[in-house]
Structures are given as C-alpha cells and as structure tokens.
Amino acid sequence: MSRKTDEPPRRIHRLGFGWGAAGIVTGAAGLGVSLLAADLLGIRVNPVVGVAEAIIRLTPGHVVEKAISTVGHADKPLLVTGVLIALLVLFWLAGRAAAHHPGRALAVFLGLAAVGATAVLTRPDARPTDVIPVVAGGVVWLAVLPFLTTPLRVPPGEQPSRRTFLIRSAGVLVGTAVGVGVGQVLGRGRRQVETTRRLLRLPITLPPVPAGVSVRLRGIAPWQTAATSFYRVDTTIVPPAIEPTDWSLRIHGMVDRELRISYQDLIGRQLTEDWITLNCVSNEVGGNLIGNAWWSGVRLADLLKEAGVQAGADAIKQTSQDGFTCGTPLAAVTDGRNAMLAVGMNGQPLPIEHGFPVRTIVPGLYGYVSACKWVTDIEVTKFSKFTAYWTALGWSEQGPVKLASRIDVPRDGAHVGTGPLRVGGAAWKQDTGIEAVQVSLDGGAWTPVTLGRVPSDDTWVQWSGTVEASKGGHELRVRAVSRTGEVQTGALADVLPNGATGWHTIRFSAA
Ligand SMILES: Nc1nc2c(c(=O)[nH]1)N[C@H]1C(S)=C(S)[C@@H](COP(=O)(O)O)O[C@H]1N2
Ligand SMILES: [Mo]
C-alpha cells in the first residue's frame, strides 16, 4: 500500500488538505463514538477527560498549584481544551501520514487509544468496563480511516474522487453528530440524577473513624473504605438512574397493611447509622470484594413492624428497579441486628453505582442475599414460594457470611529484609465478631496477633503481628477465631455455591 517513490504523485499533494481532513474526520468520529459509549454506559470519565485527569495526576503537585493559581478555576476546561487541540493536530498529522504510510497513521490512532485506555484504567476508581468507550472509539478509527482515504488513494495519473471523499466525510460527520446527540439525550437522565444527588442534603452524619481501629501498618487496606474504592458487583451494565421523587418502595405480601413509602417519607423517619462491612460471596480467599463503610438509613425491622408481618413468613423477597431479586431470611432483618434501608454511605447520599437512592444493608449476610441496590419492592413471603436471581443460577438460597481473614502485608511474592517483620491484614465475621487472629509461619504453631479495636461485631477487624524472617523463602498463613469460638477452617471451598473457605496463604522471601 505505501508508496516508495521519492516524489509522490502530484494529485496526492494537491489533495493534501483532503488527507489531513480525513484524519480529523476519522478522529472526530472515534471520539464521538467513545462519548456516546460513555453516556450509554453511564461511565463518568470519557477518554478525553480521562487523559486530562491523568495529566493532572502525573504532574507534580506544585506545578498543578501554580497552574491553578495562574488560570484559576479555568484550569480543567483549559486542560481539556488543550488535550482536544493536541488531538486535532495529531489527527491531522495522522491523516497526512496516511497518504504515504498508512501503517504510521494507524499506529498514531492505536497509540492514542492506548494512551486513553491507560488513562482511564489507572484511575483509583477504575473499573474494567471503563475501557469500553476507548475500545469503541479505537475500532471506529481503524474502520473510518480506510473508508475515507480509499477515494483519495489512486494510481498516478488518475483523478482522486473528491466527490466520493466529500460525501463519505459528510456522512461520517453527520453520523457522529447524531450519535453524540443521542448519547447526550440518553445520558441526560443520569446527569440529572447525579445533580439531584449532589444537591441533596440528608439528615445524616459522618463520625470520625473510631479510635484504635487502625493497626497502623503501611499496606493494609484502610479500615474505612472510601465510596470510590468500594468494590462493586451487580448485573447491570447501565446502573439505574432514579430520581428520589420517582422512587417509592412497596412493602407487601404476608403483611397486615401494605405500605408504600416515598423517599421523603423514608428520610423523615427515625434514622439509624452504623459501621458495617459488606462482602461478596464471590470473594476468593485473600480477595478484595469487601469494604467497610458508615451507612445511614432506616431500620427494616421498624418498617416491617408497621406493616405487620403475618405468621408463617420466613423471607423477604427484595426486587430492584432493574429487576434483580434477592431472598433474605426474615429473621436476619428482625432479630435486632442493624438491617437497614440505607440512603447514605460514608455521610453522603448513596452513589448511583451503590444503589441510589435506596439500598438494603444487612450485617452478616453476603450481598447477593441481602444488599439489594435500587430496591423498590419488598415482599414478605416464604422461601418455598420463590427463587431469587442468584439462587436460580446455582448459588445457595441462604448466604450467611463465613468466618474469614486475609493477609495484606507482606504481599504475596514480596522480598523483605531478614529479622523481625511486621505482618497484618483483616478478619471478619459480621454480626458475630472476631475474638482472635493467629498466624503460622512455615507451617509452625499458630500464634496470636494483635487486633485493632472495633465499634461493633458488624465490621471487619484489622490485625497485625511480628514474625521472625530468616534468610530464604517463607510461607505465612492466617486464621481467625470468632466470638462464638469457631475456628476458621482450613478446608478449601470454592466461592460457589455459598462462599469460599480456606486459610489465606502467602509466600515471601527474606534476604
Ligand atoms: N440491584 C442489584 N443489587 C445488588 C446486586 C445486583 O446485581 N443488582 N448485586 C448484589 C451483590 S452480589 C453484592 S456483593 C452487593 C455489592 O454491593 P456494592 O456493589 O455496593 O459493593 O450488591 C448486591 N445488590
Ligand atoms: Mo456478591
């Protein structure tokens, strides 16, 4: 495809503007599709903003401060504009390059896609799906560039088809504009809810992290998990965007009085707040599908009491706005533990991804049987009368949290110095509590380590201890003992059907 002649055909020269324009139209089409994809999927960072934010992240703090003090709050829009201008120049150059070196042009577009992908995936709150808009845009670049440039690419002496080129360019531009417009319209609901959420003032609090919860060991997951780094598990690609004024909850089934509760009604009630650790049944031994937050909401038991639960019921079937269902033992929400319809997480209205405006939190149960996000319907019923979403897919009907512990420090495969080595991590069995944590080095005796303090049995506990690391390779394992005296089993079980078991074991070497 590439021409090796020293003097390129004149017509290509004369249509040099055409080649550059082809690059720009191609670039715009890819950007437009990635914006559309981000809007459709409710992904907050589009690739351009992602790159701009990555630049801020990678720029030394004092430079950023200087820039902000120079240009004031226009810093972000200016940066985004700068990124866009740089992109236009690169698109233009890539288009020009395509005349003689199509490979180089593709390399420029692939390189840009790689930069965009890196920028969105290295964000602290990145999810793997954040890369979808970048990939969609990249695919469009690779398809549109040849589509636009074939009419320009003619053998020497022939006339390039200016007309075909213009028609195709116009078609691509119109298509892009329509796509971006559609994305704006479809993404508007989400943006409106985002705004409502930002402006909401709830009567909720955020206390400081309780004293003594941290064992102060560098590398341990923070005791309180920030909403932005809280794991997320759900079956939706596009999280439901629900205006609080459109939300209501129906409590029905085996009750004396059916209730329909509006958001205003809910937040006007007696609120309960608590530190509660939530984890996923799919969390592997040593995994990180677990987080601990300050939740604010209304006790489910109070609402059920108001509805009047009838004899014979043993479950609540919760349904979310997007159709997900989960089955929760009635006992778990009425036995006195702090099971709640949560409206707040870490002192803020729930993030949309974590169930805005209302989700359920039940200490001691895995999320898949309890923590229904975007919950709109609670039916008091019997387990024998329904099959919840995950149960139908082979997971257990009941999902009490299993006693578990994890080593955060050192990391598996770490190289450390010889001598005393501080080790640490977390242990949990919500609603029961952790009595002790023990470690074993190289298969030796289980020795107790120190626990952080906790405000209740509903959160995980940090632990730390010291082991003597002699020169060479080592294996460290951890186990927990619950407040009822249960010793964490070393028997390995898969996450399916009701949660993994086994001792988290890591290897490290000392020199
Ligand atoms: N509507 C809805 N709620 C849901 C789910 C879901 O797929 N849809 N997943 C559940 C699972 S499996 C878990 S572990 C928790 C995770 O909550 P988080 O995403 O806020 O961490 O939400 C639960 N609630
Ligand atoms: Mo889960």
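Please read all numbers here as calculations on a predicted model, not as lab measurements.

**Describing the side chain of Thr225**
1) Next: Mapped onto the elements of the fold, Thr225 is located in the loop between helix 8 (162-199) and strand 1 (248-253).
2) Next: Of the residues examined, Thr225 reaches a relative accessible area of 10% and is grouped as buried.
3) Next: Sequence-distant contacts of Thr225, that is, excluding residues within four places in its chain, are made with Phe230, Gly291, Asn292, Ala293, Asn346 and Trp460.

**Considering helix 3 (residues 47-58)**
1) Next: Between its first and last C-alpha atoms helix 3 spans 16 Å; for twelve residues at 1.5 Å apiece the expected length is 16 Å, and the two agree.
2) Next: Among all positions of helix 3, only Pro47, Val48, Gly50, Val51, Ala52, Glu53 and Ala54 are buried.

**A few points about the sheet that holds strand 19 (residues 505-510)**
1) Next: Ordered in space as 12-19-18-14-15, the five strands form an open sheet in which the pairing is mixed. Edge positions in the sheet fall to strand 12 (414-416) and strand 15 (447-448), since each has one partner strand and no second.
2) Next: Inspection of the sheet shows strand 14 (residues 434-441) paired to strand 18 (residues 472-482) by seven bridges, in the antiparallel sense. Along strand 18, the bridge assignment pairs Val437 with Ala480.

**Structural notes on the site of ligand 1**
1) Next: Taken together, 19 residues lie around ligand 1, and Tyr231, Thr235, His354, Arg359 and Lys373 are the ones closest in.
2) Next: Here Tyr231 contributes a backbone N or O atom positioned 2.7 Å from an oxygen atom of ligand 1.
3) Next: One of the side-chain nitrogen or oxygen atoms of His354 is found 2.6 Å away from an oxygen atom of ligand 1.
4) Next: Burial of ligand 1 by the protein amounts to 99% of the accessible area it has alone, namely 530 Å².
5) Next: Considered class by class, the residues forming the shell around ligand 1 number ten nonpolar, four polar and five charged.

**So, the packing of helix 6 (residues 102-121) against helix 7 (residues 132-149)**
1) Next: Contact geometry for helix 6 and helix 7: axes closest at 9 Å, N-to-C directions at 175°. If you check the angle between helix 6 and helix 7, you find them roughly antiparallel. Residue-level contacts link Ala105, Leu106, Phe109, Leu110, Leu112, Ala113, Gly116, Ala117 and Val120 of helix 6 to Val134, Trp141, Leu142 and Leu145 of helix 7.
2) Next: A breakdown of the residues in the contact of helix 6 with helix 7 according to their chemical character gives twelve nonpolar, one polar and no charged.

**Section: helix 10 (residues 300-307)**
1) Next: Turning to helix 10, its buried residues number three or more, namely Leu300, Ala301, Leu303, Leu304 and Ala307. Looking down the long axis of helix 10, one finds its buried residues gathered within 160° of arc, a one-sided arrangement.
2) Next: Taken from the residues just after helix 10, Gly308 is the one with a positive phi, measuring 80°.

**Looking at the pattern of salt bridges**
1) Next: For the structure shown, the criterion picks out 17 salt bridges.
2) Next: The residue Arg197 makes a salt bridge to Glu194 at a minimum N-O spacing of 4.0 Å. Placement of the pair is Arg197 and Glu194 together in helix 8, with a separation of three residues, close to one helical turn.
3) Next: The closest approach of N and O atoms between Asp234 and Arg232, which form a salt bridge, is 2.8 Å.
4) Next: The structure contains a network of salt bridges with shared partners spanning Arg190, Glu194, Arg197 and Glu353.

**Some remarks on the sheet that holds strand 5 (residues 315-320)**
1) Next: The mixed open sheet is built from five strands, whose spatial order is 2-1-10-5-6. At either end of the open sheet lies a strand with only one pairing partner, and these are strand 2 (259-262) and strand 6 (325-329). Taking each pair of neighbouring strands and ignoring which way they run, the sheet shows an average axis angle of 20°.
2) Next: Sheet topology places strand 1 next to strand 10 (residues 375-381); four bridges connect them, and they run parallel.

**As for the pairing of strand 4 (residues 290-299)**
1) Next: Strand 4 sits mainly inside the fold: nine of its ten residues count as buried.
2) Next: Sheet topology note: the strand 3 (residues 272-279)/strand 4 ladder contains eight bridges and is antiparallel. Along strand 4, the bridge assignment pairs Thr277 with Asn292.
3) Next: Sheet topology note: the strand 4/strand 7 (residues 340-345) ladder contains five bridges and is antiparallel.

**Examining the environment of Arg201**
1) Next: Structurally, Arg201 is set in the loop between helix 8 and strand 1.
2) Next: Linking Arg201 and Pro349, residues 148 residues apart in sequence, is a C-alpha distance of 8.2 Å.
3) Next: A polar atom in the side chain of Arg201 sits 3.4 Å from the backbone oxygen of Arg198.

**As for the environment of Gln224**
1) Next: Among the secondary structure elements, Gln224 is positioned in the loop between helix 8 and strand 1.
2) Next: Residues Gln224 and Trp295, spaced 71 residues apart in sequence, show a C-alpha to C-alpha distance of 11 Å.
3) Next: Beyond its immediate chain neighbours, meaning those up to four positions away, Gln224 contacts Leu206, Val209, Trp275, Asn292 and Asn346.
4) Next: Of the polar contacts made by the side chain of Gln224, one reaches the side chain of Asn346; its length is 2.8 Å.

**Concerning the packing of aromatic side chains**
1) Next: Following the criterion strictly, the structure yields 15 aromatic pairs and no others.
2) Next: When the ring of Phe230 is compared with that of Tyr231, the centres are 5.4 Å apart and the planes differ by 20°; the resulting orientation is stacked. Of the two residues, Phe230 and Tyr231, both sit in the buried class.
3) Next: Geometrically, the ring pair formed by Trp428 and Trp460 is tilted, given 6.4 Å between the ring centres and 55° between the ring planes. Here Trp460 lies in the loop between strand 16 (450-451) and strand 17 (461-469) and Trp428 lies in strand 13 (residues 419-428), a separation of 32 residues in the sequence.
4) Next: You can call Trp428 buried: its relative accessible area is 4%.
5) Next: You can call Trp460 buried: its relative accessible area is 3%.
6) Next: Members of the aromatic cluster, connected to one another through ring pairs, are Phe324, Tyr368, Tyr389, Trp390 and Trp395.

Conventions we followed
- Note that residues are indexed from 1 along each chain, following the sequence as it is written.
- Labels follow written order: the first chain is A, the first ligand is 1, and so on.
- In keeping with the model being predicted, local features are shown solely for residues with a pLDDT of at least 70 and side-chain atom pairs are shown and tallied solely at 80 or more, while totals for entire chains, interfaces and linings include all residues.
- Here the side-chain values reflect all heavy atoms present in the structure, with hydrogen atoms and water set aside.
- Strands are runs of DSSP state E lasting at least two residues, helices are runs of H or I lasting at least four, and both sets are numbered from the N terminus onward.
- Under the scheme applied here, a residue whose accessible area is under 20% of the maximum for its type counts as buried, over 50% as exposed, and between as partly exposed, the area being computed with a 1.4 Å probe on protein chains only.
- Here a residue-residue contact requires only that any non-hydrogen atoms of the pair lie within 4.5 Å.
- Working rule for helices: expected span equals 1.5 Å times residues minus one.
- Only strands that DSSP links by at least two bridges are regarded as paired with each other.
- Nearness is judged by heavy atoms alone; a residue qualifies as near a molecule or strand once a single heavy atom is within 4 Å of it.
- Any pair of N or O atoms that falls within 3.5 Å is considered a polar contact. Within protein, one atom must be able to donate a hydrogen and the other to accept it, and sequence-neighbouring residues count only if both atoms are side-chain atoms.
- To be clear on the numbers: accessible area is Shrake-Rupley with a 1.4 Å probe, and residue cover counts the displayed protein chains and nothing else.
- Classes in brief: Ala, Val, Leu, Ile, Met, Phe, Trp, Tyr, Cys and Pro nonpolar; Asp, Glu, Lys and Arg charged; the others, Gly included, polar.
- All axes are obtained by fitting lines to C-alpha atoms, using only the stretch in contact for helices, and the reported angles, taken between N-to-C directions, cover 0 to 180 degrees.
- Angles are sorted into four bins: roughly parallel if under 35 degrees, roughly antiparallel if over 145, roughly perpendicular if 65 to 115, and oblique for all others.
- Here the arc refers to the set of directions running from the helix axis out to each C-beta atom.
- Here, a salt bridge means any side-chain nitrogen of Lys or Arg that lies within 4 Å of a carboxyl oxygen of Asp or Glu.
- Working definition: a ring pair exists when centres of Phe, Tyr or Trp rings (six-membered ring for Trp) sit within 6.5 Å. Plane angles under 30 degrees give stacked, over 60 give edge-to-face, the rest tilted.

Limitation: the analysis is restricted to geometry and does not speak to function.
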